[in-house]
Amino acid sequence: MSSPSNVVFMQTLQILSDFDTAHSMPLMNVTRMTDLAPQYQAVTEDSSLPIALIAGIVLVLAAIAGGMIWYYRTREPEVPTSDAVTMDLCRAHGLSIYHRGLIDRLAVAAELPHTAEMFLSPAHFDAAIEKAKNAVRLRRHHHAWLGEIRRTLFDA
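Calculation rules
- Residues numbered from 1 in each chain as written.
- Predicted model: local features only at pLDDT ≥ 70, side-chain atom pairs only at ≥ 80, totals over all residues.
- Heavy atoms only, no water.
- Helix = DSSP H or I, 4+ residues; strand = E, 2+ residues; numbered from the N terminus.
- Buried < 20%, exposed > 50% of the residue type's maximum accessible area, 1.4 Å probe, protein only.
- Contact = heavy atoms within 4.5 Å.
- Areas by Shrake-Rupley, 256 points an atom, 1.4 Å probe, with all protein chains shown as cover.
- Phe/Tyr/Trp six-rings, centres within 6.5 Å; stacked < 30°, edge-to-face > 60°.
- Expected span 1.5 Å × (residues − 1).
- Axes fitted to C-alpha atoms, helices over the stretch in contact; angles between N-to-C directions.
- Parallel < 35°, antiparallel > 145°, perpendicular 65-115°, else oblique.
- Nonpolar A, V, L, I, M, F, W, Y, C, P; charged D, E, K, R; others polar.
- Left-handed = near helix turned anticlockwise from the far one by under 90°.

Caption draft 1: Representation of the overall build of the protein chain within the structure. Of regular secondary structure, the protein chain possesses 7 helices and 0 strands. Listing each helix as α and each strand as β along the protein chain from the N terminus yields α-α-α-α-α-α-α. Per-residue burial over the protein chain gives 19% buried out of 156 residues. In the protein chain, of all internal contacts separated by at least 6 residues, the share reaching a separation of at least 24 is 54%. Split by element, the accessible area of the protein chain, about 12,400 Å² in all, is 62% carbon and sulfur.

Below, the structure written as structure tokens:
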């Protein structure tokens, strides 16, 4: 027969045999707000701005920044060219903004009546550059640009 002390002894053995298992598992502790003393039951406020609103603001700011970058990269800057014909010729040949400015500056220095005269032939182009070299100091990268412009205009 099993006596009440025998049952308690068997339960104790069962508990002792599960001792290693019990200590190897993490303890779970659940505390309810009602279990706490009144001074610790204060509920913290949630964030005043929900995460969706913050994410929306970040997306709007990213879109505005992207739009500004796109605008400044794709806009065609104004170049002080002497006339509309020169601007049309530069666009037709696909000359960059720097090349357009250099051509216009050299035409003014060479005292050409129209900048578009540089587009007529390689001889006109070279003569204007030689005349402009006396009035304007060209840097090293300008010489490279002039070679690119000459190839673009006359080596089709």
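Next comes the rest of the write-up.
Caption draft 2: Representation of the side chain of Thr115 in the model. Within the secondary structure, Thr115 sits in the loop between helix H5 (97-109) and helix H6 (122-135). Under the relative-accessibility criterion, Thr115 is labelled buried at 3%.

Caption draft 3: Unusual backbone geometry, seen in detail. With a phi close to 60 degrees, Glu111 is a non-glycine residue in the positive phi region. For Glu111, the position within the fold is in the loop between H5 and H6.

Caption draft 4: How the structure looks around the packing of aromatic side chains. Under the criterion given, the structure shown has 3 aromatic pairs. Here the aromatic rings of Phe125 and Phe154 are separated by 5.8 Å at their centres, their planes lie at 65 degrees, and the arrangement is edge-to-face. Of this pair, Phe125 sits in helix H6 while Phe154 sits in helix H7 (residues 140-154); the two residues are 29 residues apart in sequence, bridging distant segments of the chain.

Caption draft 5: Quick peek at H5. Here H5 spans 18 Å end to end across 13 residues, near enough to the 18 Å set by a 1.5 Å rise per residue. For H5, the elements touching its buried residues are helix H4 (84-93), H6 and H7. Glu111 lies just past H5 and shows a positive phi near 60 degrees.

Caption draft 6: Quick peek at the packing of H5 against H7. One way to put it is that H5 packs onto H7 with a least axis distance of 10 Å and a crossing angle of 100 degrees. As summarised for this structure, H5 and H7 are arranged roughly perpendicular, according to the angle between their axes. On H7, the residues touching Tyr98, His99, Leu102, Ile103, Arg105 and Leu106 of H5 are His142, Trp145, Leu146, Glu148 and Ile149. For the contact of H5 with H7, the per-class residue count stands at 7 nonpolar, 2 polar and 2 charged.

Caption draft 7: Region of interest: the packing of H6 against H7. Between H6 and H7, whose axes approach to 11 Å, the crossing angle comes to 160 degrees. As summarised for this structure, H6 and H7 are arranged roughly antiparallel, according to the angle between their axes. Like other packed secondary-structure pairs, H6 and H7 cross with a definite hand, here right-handed. Two secondary-structure elements touch here, H6 through Pro122, Phe125, Asp126, Ile129 and Lys133 and H7 through His143, Leu146, Ile149, Arg150, Leu153 and Phe154. Split by residue class, the contact of H6 with H7 holds 7 nonpolar, 1 polar and 3 charged.

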